[in-house]
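Read off the chains here:
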Amino acid sequence: MTDSVGPHEDTVRIAYSPCPNDTFVFHAWAHGLVPDAPPLDVRFADVDVTNSLAEQGDQCPQDVLKVSYAALPWLLEDFALLPCGGALGRGCGPLVLGREPGDGSGLTGRTVAVPGERSTAYLLFRLWAAEKVPGGVGRVVVLPFHEIMPAVREGRVDAGLVIHEARFTYQEYGLHQLADMGEHWESSTGLPIPLGAIIAKRSLGEERLAALADAARTSVRMAWLDPEASAGYVRAHAQELAPEVAQQHIGLYVNEFTADLGESGYAAVRGLLTRAAAEGLVPSLPPDALRAPGA
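Residues numbered from 1 in each chain as written. Predicted model: local features only at pLDDT ≥ 70, side-chain atom pairs only at ≥ 80, totals over all residues. Heavy atoms only, no water.

Enquirer: Honestly, the side chain of Asn-21 in this entry has me stumped. Any pointers?
Expert: Within the secondary structure, Asn-21 sits in helix H1 (residues 20-30). Ignoring any residue separated from it by four or fewer positions in sequence, one finds Asn-21 in contact with Lys-66, Ala-87, His-249, Ile-250, Tyr-253 and Val-254. (Helix = DSSP H or I, 4+ residues; strand = E, 2+ residues; numbered from the N terminus. Contact = heavy atoms within 4.5 Å.)

Okay, structure coming up:
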């Protein structure tokens, strides 16, 4: 699904999800309301799709993408991390759900559904399981995130790792929270949870990358100044989410780190990827890999 303001020589091809936080953040820019910003040609895609698109490197059809922070180690040769527009936060981490109450320690040798092995949710889950599940979980099954709760409810898997609005809806499936990956991360590090990153092709050049970051930051601030302006855009792409769930979603995932990663945001990203590399889950990052364009 694509929204476009029309052809223009400076048009930026961008891919982000139809989730409320992304449509809220990019509404102003996508509708030509950000002064001096280039027009956007928007492709809507879930993060597993954007992660795969970005793996094409400089051959990727998009210039800017919303991807998982967990995918960065494979992407940063061709893409730069923008310091704004993404999703970090507190109290918004992925959850492990099961059919019966528990604390997750009983998942030893069990089958767990996850939304992707190059997702931040998966890294957080693996770091949690290494500490909290004696002997480790058994089989990991990758499913689209909207299929995970039905699979747990129907007994096709023993537990599921869920993200996004599932935090607010899992009880409707008769499921129980076994563990909160964000709570574990925050209590062990004191840092926010890195979820979704905005990346742009390095081939665009430092000057244009810095300008794109400025446009994204301005779009975020405009969304905060007039939240009602984006309401129709958010509703149009929120699929079947109730309005109150969409608002909860925005409240959790759009925050100070969306406007600027800042010192603690960068520390959170480095911390996650360093810990994951130590566990052999991702490649190690070069020292300056996360440097902001123009810095």
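Having put the structure on the table, let's press on.
Enquirer: Explain the packing of helix H4 (residues 120-132) against helix H12 (residues 262-278) here, please?
Expert: When two helices pack together, their arrangement is given by the angle between the helix axes and by the axis-to-axis distance. Where H4 meets H12, the closest approach of the two axes is 10 Å, and the angle between their N-to-C directions is 60 degrees. In terms of orientation, H4 lies oblique with respect to H12. In terms of crossing hand, the pair formed by H4 and H12 is left-handed. For the pair H4 and H12, the contacting residues are Thr-120, Leu-123, Leu-124 and Leu-127 in the first and Leu-272, Leu-273, Arg-275 and Ala-276 in the second. Across the contact of H4 with H12, the residue classes tally to six nonpolar, one polar and one charged. (Axes fitted to C-alpha atoms, helices over the stretch in contact; angles between N-to-C directions. Parallel < 35°, antiparallel > 145°, perpendicular 65-115°, else oblique. Left-handed = near helix turned anticlockwise from the far one by under 90°. Nonpolar A, V, L, I, M, F, W, Y, C, P; charged D, E, K, R; others polar.)

Enquirer: Which parts of the structure should I look at to understand the sheet that holds strand S10 (residues 159-162)?
Expert: Ordered in space as S9-S8-S10-S7-S11, the five strands form an open sheet in which the pairing is mixed. With partners counted over all chains shown, the strands left at the sheet margins are strand S9 (140-142) and strand S11 (176-180), one partner each. Averaged over neighbouring strand pairs, the angle between their axes works out to 30 degrees when direction is ignored. The sheet contact formed by strand S8 (residues 112-114) and S9 spans three bridges and is parallel. Directly across from Ala-113, in S9, lies its bridge partner Val-141. Sheet strands touched by helix H5 (residues 145-153): strand S7 (95-98), S8 and S10. Its angle to S10, the strand with the most contacts, is close to 160 degrees. (Pairing = 2+ DSSP bridges.)

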